[in-house]
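Fold and contact review
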Amino acid sequence: MELFHSAPPAQAVLKNALPAMAAMLMVLVYNLADTFFIGQTHDDLQVAAVSLATPVFLLFMALGTVFGVGGTSVISRALGQRRPHYAKRVCAFCMWACVAVGLVMSALMLIFMEPLLRLIGASPETWEFAKTYLVIVTCCGPFNLIANCFSNILRAEGEANHAMLGQLLGNLLNVILDPVMILGLGWGIAGAAVATVIGILFSAGYYIAYFLRGHSSLSISPRLATVRQGVCTGVLAIGVPAALGSLLMSVSQIIVNARMTEYGDMALAGVGVAAKVTMITGMLCIGFGQGVQPLLGYCVGARLWPRFKEIMKISFIFALGLSLLLTAACYLLRRQIVSVVLTEPAAFDYALQFTNILLTTSFLFGIFYVLVNALQAMGAASAALIINLSRQGLIYIPALFIMQKLMGTVGLVWAQPLADILSTALVALLYWLTSRRLMQTEPVAA
């Protein structure tokens, strides 16, 4: 806990955030690799099918976020309050909740696969491709939740490197297997799904083995798992609002895909690739925000408000510079990135046009994710709920319909920059109100 309590703030931020960013970089590489190697089949219908299937697959990640982000917030505050046994109970609850919820989610998706494909807008040409991908990845639901949950929770006890390694090794394995299975074995989109499953199983296995070897001050023992003593409500109070952001992101992307199919499968492929370009900035900024959250949560639990403010100042400056740099790089390299994946001229033109639109506000991502994670670290359940409901839901989804009505195809894409501006202003206001209220508490002596 020395890193959390007394290390120089800049050092603490970098030591905790850089491994988290490295882990998210591997998630990014894995996402881009799937699209890249499927693109090498020169079948843009398979690329379109991946765009359809991705938001459905992300529903599992959203559920993992419930227990990962919620658990991290509760555990880091408990450690700051010198309550290690309670932190162990929270960790064990998160583990077995992932198993139970993952099994239920996988069963429901397999049972209702056909209606699900109709809902996401699969066309006759993309139907079988999307179904193949989803059936395969759905089979590892519980392990998907565990992998996403514990890539967060390990950072709550200062083990950012182990948190990073679990994600990094699983995603690296996926990237290595992608060309073998997609191109070498000729399995196409099915190969991408199998590689994804193997990577997820490896990541989940790494985290489980980490606990079983006794390397952690936390625990996944079923004997410690409980929903009492505020464990379940504490995790869900922060985790559900955090997951709603991911959940609504999936729902909104399903809506975009369904409405984009009105303009053809090439438009659908184009918007999917444009989203992947913008993801380069988004994922690294998400990783940075997740990395500083345990530091902020510890400061909140220990009432170390001067240290909290210093960490926020450093994080804010670093995150803004990072998102500006990444946005500029994506803009300069946008043609090269798109051309690697799409070969059909119509799909390429759509992707380039949509990328230009989405990059107009991606420089805000760093600010947004630092402030969101600060709210979660402070245990501000209501504020976190408001912002996560708003960005991809209450703001973005209505904007999709309004902007499409006004501008057609490009209106569907311009809805995202509009939501980015409004939600960043909202989270800044909520952070200011919440932090001012909490900091009335006297700081605890170091």
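This text follows the structure it describes.
We now turn to the structure provided with this report. Sequence order as written defines the numbering, with residues in each chain counted from 1. Owing to the predicted nature of the model, reporting of local features is limited to residues with pLDDT of at least 70; listing and counting of side-chain atom pairs is limited to 80 or more, with chain, interface and lining totals taken over all residues. Excluded from the side-chain calculations are hydrogens and water; all other atoms, namely the structure's heavy atoms, are used.

1. Focus on a nonpolar patch on the surface
Applicable threshold: Grouping into patches uses exposed residues only, defined as over 30% relative accessible area, and leaves out salt-bridged ones; the cut-off is 9 Å for like charges and 5 Å for nonpolar side chains (Val, Leu, Ile, Met, Phe, Trp, Tyr). For the accessible areas, the method is Shrake-Rupley and the probe is 1.4 Å, while residue cover comes only from the protein chains on display. Salt bridges are defined by distance alone: a side-chain nitrogen of Lys or Arg within 4 Å of a carboxyl oxygen of Asp or Glu. For helices the rule is a DSSP run of H or I covering at least 4 residues; for strands it is a run of E covering at least 2, with both sets numbered from the N terminus onward.
On the surface, Val104, Leu108, Ile111 and Phe112 cluster together into a nonpolar patch covering about 410 Å² of accessible area. By secondary structure assignment, the location of Val104 is in helix 4 (residues 84-111).

2. Here's the deal with the pattern of salt bridges
As a reminder of what qualifies: Exposed residues in this analysis have more than 50% of their type's maximum accessible area, buried residues have under 20%, and partly exposed residues fall in between, with area computed by a 1.4 Å probe over protein chains only.
Throughout the structure, instances matching the rule amount to one salt bridge. Across the pair Lys131 and Glu114 runs a salt bridge whose closest N-O atoms are separated by 2.8 Å. Residue Lys131 is found in helix 6 (residues 127-138), and its partner Glu114 is found in helix 5 (residues 113-119); the two are separated by 17 residues along the sequence. Overall, Lys131 belongs to the partly exposed group, its relative accessible area being 25%.

3. A word on the side chain of Ser106
Worth spelling out the cut-off: Whether two residues are in contact is decided by their heavy atoms: any pair within 4.5 Å suffices.
Tracing the backbone through its elements, the reader meets Ser106 in helix 4. What makes Ser106 buried here is its relative accessible area of 7%. The contact partners of Ser106, leaving out residues within four places of it in the chain, are Phe60, Thr138, Gly141 and Pro142.

4. Section: the nonpolar core
The following threshold applies: In this description, a nonpolar core means a group of buried Ala, Val, Leu, Ile, Met, Phe, Trp, Tyr and Cys residues linked to one another through side-chain atoms lying within 4.5 Å.
Judged by nonpolar contacts, the single largest core of 153 residues is most densely connected at Phe67, Ile75, Phe150, Phe308, Leu342 and Leu375. Of all the elements, helix 11 (residues 265-302) adds the most residues to this core, at 22 residues. With sequence-adjacent residues up to four places away left out, Phe308 is seen in contact with Leu296, Cys299, Val300, Met378, Tyr431 and Met439.

5. Observations concerning the packing of helix 17 (residues 396-407) against helix 18 (residues 409-438)
Going by this rule: Note on method: axes are straight lines fitted to C-alpha atoms, helices fitted across the in-contact stretch only, with angles between N-to-C directions ranging 0 to 180 degrees. Any angle from 65 to 115 degrees is called roughly perpendicular, while one under 35 is roughly parallel, one over 145 is roughly antiparallel, and all others are oblique. The crossing is said to be left-handed when, going from far helix to near helix, the turn is anticlockwise and less than a right angle, and right-handed when the turn is clockwise. Under the convention adopted here, Pro, Cys and the residues Ala, Val, Leu, Ile, Met, Phe, Trp and Tyr are nonpolar, Asp, Glu, Lys and Arg are charged, and Gly plus all remaining residues are polar.
The interhelical angle for the contact between helix 17 and helix 18, taken along N-to-C directions, is 140°, at an axis separation of 7 Å. On the basis of the axis angle, helix 17 is oblique to helix 18. Of the two elements, helix 17 crosses helix 18, and the hand of that crossing is right-handed. Contacts between helix 17 and helix 18 pair Tyr396, Ala399, Leu400, Met403, Gln404 and Met407 from the former with Thr409, Val410, Gly411, Leu412, Trp414, Ala415, Gln416, Leu418 and Ala419 from the latter. Counted by class, the contact of helix 17 with helix 18 contains 11 nonpolar, four polar and no charged residues.

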